[in-house]
Structures are given as structure tokens and as C-alpha cells.
Amino acid sequence: SHELRTPLTTIKSYAETLLDSATDSDERKFLSVISREVDRMTRIVKELLTLSSLDHNKLAIMKTEFSLEELVNDVVTKLSMEVKSHNQTISFTTATPIPLIYADIDRIEQVITNIISNAIKYTPDGGKIEVFAGYLYNEAYIKIRDNGIGIPEKDLPRIFERFYRVDKARSREKGGTGLGLAIAKEIIDLHGGTIKIESVYIA
């Protein structure tokens, strides 16, 4: 994975340079495909490196005290442009006051970003994404709900497996790698937390 990063960066920069000067519509279309696929490969490489670090207990967990409410709000704000581009709506509500939590803020941000990004990807244009956070029984929690098509019941037990994708063609079209949820689970496990999914499939 380390060796792949340099050639991918080179391909990306050359594709973007050619795209800037391309005038033919077909040429621009092909270069855009190359650029998107390089981005997808780069994400896969990055996620594989993260999983490798997790497998060998080399992923550095740097715990500090921080506001979970502020972190979630920052992630929602950061993704709001993507939400807007799909004509979706996103809201964030805190059910109860949340004390400062002691965790790795960068890794928890990665988890929240992965889950909300998935909600955006698999919710139809015009859909709704709701984010909730609170504190109950001495535990902080985050809930993310959307009105997307859902996941078939038979697939739910495998949703956190590496490279597992419910709809491979659609996931590939959306830029999914099948690693985001696996990484999210590993990070939450490292923090001694739990992550789960409930879904009703709409055929």
C-alpha cells in the first residue's frame, strides 16, 4: 500500500493537468473517469494502511478530553455542502447535555464522518439525514438515521465485514470501498464502545 501511493499521486496530478487543458468532450469525460478512479484507489490504499495498523496493534490512539457535541456539529457542517449537492437535508440534535469524553478525537471524527458519508451516499436525492447525540447510563452515544432504501435483513450481520458491499455495482458507482464500516467498527472496539445497525429494506 505504501508503494502504491506515489504512482497514484503522479497519475492524479497528470490527469488533472490534462483535464485543465482538454477541450474535446470525450477527452474530458475519459480524464474525469481516470481522476475519479484514482481517487477511489487512493481511498482504498489509505483504508488498507489503517486496517494494517489495526491488525498489528500499531494504530496510535491519542486520547484527549473533548466535546463530542462540538465534534459532531463540526462533521455535520463539513459535510453540509455534499448534502446540499444532493438536495438532501441534515439536522443535528442533542437529546441531553454531554460531558467531555476521553477518546481519540481524530479517530472518532473518522467514524462519524464514515457513517454520515454512507448515509449521504445511499439516501436518494431529496432525502433526509438526522443525527442525534446524548448521554445515557454513563455512556455517550450518537445515532444517525436516514430515509434511504435500507439494507436487506440477510446482509445486516455482515455489514461490518471488510470489503462486504450489499449492492456491489451501486457501491462501486458511489465510490464505496467496502472498508469504511469495518474501520469504524475496529476504532469503536478499540475504545471499548459498541456500534450497531438497524434497517428496514424498501424494495
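Details of the structure are given in the entry above.
Cut-offs applied
- All chains use their own residue numbering, which begins from 1 and follows the written sequence.
- Side-chain atom pairs in this predicted model are given and counted only at pLDDT of 80 or more, local residue features only at pLDDT of at least 70, and totals for whole chains, interfaces and linings cover all residues.
- Side-chain descriptors were evaluated using all non-hydrogen atoms of the structure, hydrogens and water having been removed beforehand.
- Segments assigned H or I by DSSP are reported as helices when at least four residues long, segments assigned E as strands when at least two residues long, and all are numbered from the N terminus.
- Throughout, radius of gyration means the C-alpha value; the globule benchmark is 2.2 Å times the number of residues raised to the power 0.38.
- Partly exposed describes any residue whose relative accessible area lies between the buried limit of under 20% and the exposed limit of over 50%, with all areas from a 1.4 Å probe on protein chains only and scaled to the type maximum.
- Residues enter a nonpolar core if they are buried and are Ala, Val, Leu, Ile, Met, Phe, Trp, Tyr or Cys, with the set joined through side-chain atoms within 4.5 Å.
- Note on contacts: a residue pair is in contact if any heavy atoms of the two residues lie within 4.5 Å.
- Axis definition: a line fit to C-alpha positions, over the contact stretch in the case of helices; interaxial angles, taken between N-to-C directions, run 0 to 180 degrees.
- Working definition: roughly parallel below 35 degrees, roughly antiparallel above 145 degrees, roughly perpendicular at 65 to 115 degrees, and oblique for all remaining angles.
- By definition, any crossing whose near helix is turned counterclockwise from its far helix by less than a right angle is left-handed, and any crossing with a clockwise turn is right-handed.
- Think of it as three bins: nonpolar holds Ala, Val, Leu, Ile, Met, Phe, Trp, Tyr, Cys and Pro, charged holds Asp, Glu, Lys and Arg, and polar takes everything else, Gly as well.
- Any Lys or Arg side-chain nitrogen found within 4 Å of a carboxyl oxygen on Asp or Glu counts as a salt bridge.
- Only when DSSP finds a minimum of two bridges between them are two strands counted as paired.

**Let's talk about the overall build of the protein**
Each helix and strand in the protein was counted, giving six helices and five strands. Counting from the amino terminus, helix and strand elements in the protein follow one another as α-α-β-α-β-β-α-β-β-α-α. Computed over the C-alpha atoms, the radius of gyration of the protein is 19 Å, within 12% of the 17 Å expected from 2.2 N^0.38 for a compact globule of 203 residues. In terms of overall dimensions, the protein has C-alpha extents of about 60 × 40 × 35 Å along its principal axes. Here the protein holds 203 residues, and 33% of them are scored as buried.

**A closer look at the nonpolar core**
By size, the foremost hydrophobic cluster in this structure holds 28 residues, and its most contacted members are Phe66, Leu68, Ile108, Ile112 and Ile116. Elements with a minimum of two residues in this core: α2 (25-55), α3 (68-85), β3 (101-103), α4 (105-121), β4 (128-136) and α6 (180-190). Of all the elements, α3 adds the most residues to this core, at seven residues. Excluding anything up to four places from it in sequence, isoleucine 116 contacts Val75, Val76, Leu79, Ile90, Val131 and Ile144. With five residues, the next largest nonpolar core counts Ile151, Leu156, Ile159 and Leu181 among its residues.

**Here we look at the packing of α3 against α4**
A pair of packed helices is characterised by two quantities: the angle between their axes and the separation of those axes. Put simply, α3 and α4 touch, their axes get as near as 10 Å, and they point 40 degrees apart. By the criterion of interaxial angle, the relationship of α3 to α4 is oblique. Considering how the two elements wind past one another, α3 and α4 form a crossing that is right-handed. Residue-level inspection shows Leu68, Leu71, Val72, Val75, Val76, Lys78, Leu79, Glu82 and Val83 of α3 in contact with α4, the latter providing Ile105, Ile108, Glu109, Ile112, Thr113, Ile116, Ser117 and Ile120. Looking at the contact of α3 with α4, its residues break down into 12 nonpolar, two polar and three charged.

**Some words on the pattern of salt bridges**
Once the charged atoms of two side chains with opposite charge are near each other, the side chains can pair. Throughout the structure, instances matching the rule amount to nine salt bridges. The salt bridge partner of lysine 154 is aspartate 155, with a shortest N-O separation of 3.4 Å. Residue lysine 154 is classed as exposed on the basis of its relative accessible area of 67%. Among the ionic pairs, aspartate 189 bridges to lysine 185, the shortest N-O distance being 3.0 Å. Of this pair, aspartate 189 and lysine 185 both sit in helix α6, four residues apart, which is roughly one turn of the helix. Classification of aspartate 189 by relative accessible area gives partly exposed; the value is 41%. Classification of lysine 185 by relative accessible area gives partly exposed; the value is 29%.

**Some words on the sheet that holds β4**
An order of β2-β4-β5 is seen for the three strands of this open sheet, with the pairing classed as mixed. Across the chains shown, the open sheet's two edge strands, defined by having one partner strand only, are β2 (89-94) and β5 (139-146). Between one strand axis and the next, the sheet turns through 15 degrees on average, direction left out of account. Here six bridges tie β2 to β4, and the two strands are oriented parallel to one another. Counterpart to phenylalanine 92 in the pairing with β4 is valine 131. Strand contacts of α3: β2, β4 and β5, with the helix running at about 175 degrees to β2, the strand carrying the most contacts.

**A closer look at unusual backbone geometry**
One non-glycine residue with positive phi stands out, namely asparagine 87, at about 55 degrees. With respect to the secondary-structure elements, asparagine 87 resides in the loop between α3 and β2. Unlike most non-glycine residues, asparagine 138 shows phi in positive territory, near 65 degrees. Of note, asparagine 138 is situated in the loop between β4 and β5. Residue classification places asparagine 138 among the exposed residues on the basis of a relative accessible area of 67%.

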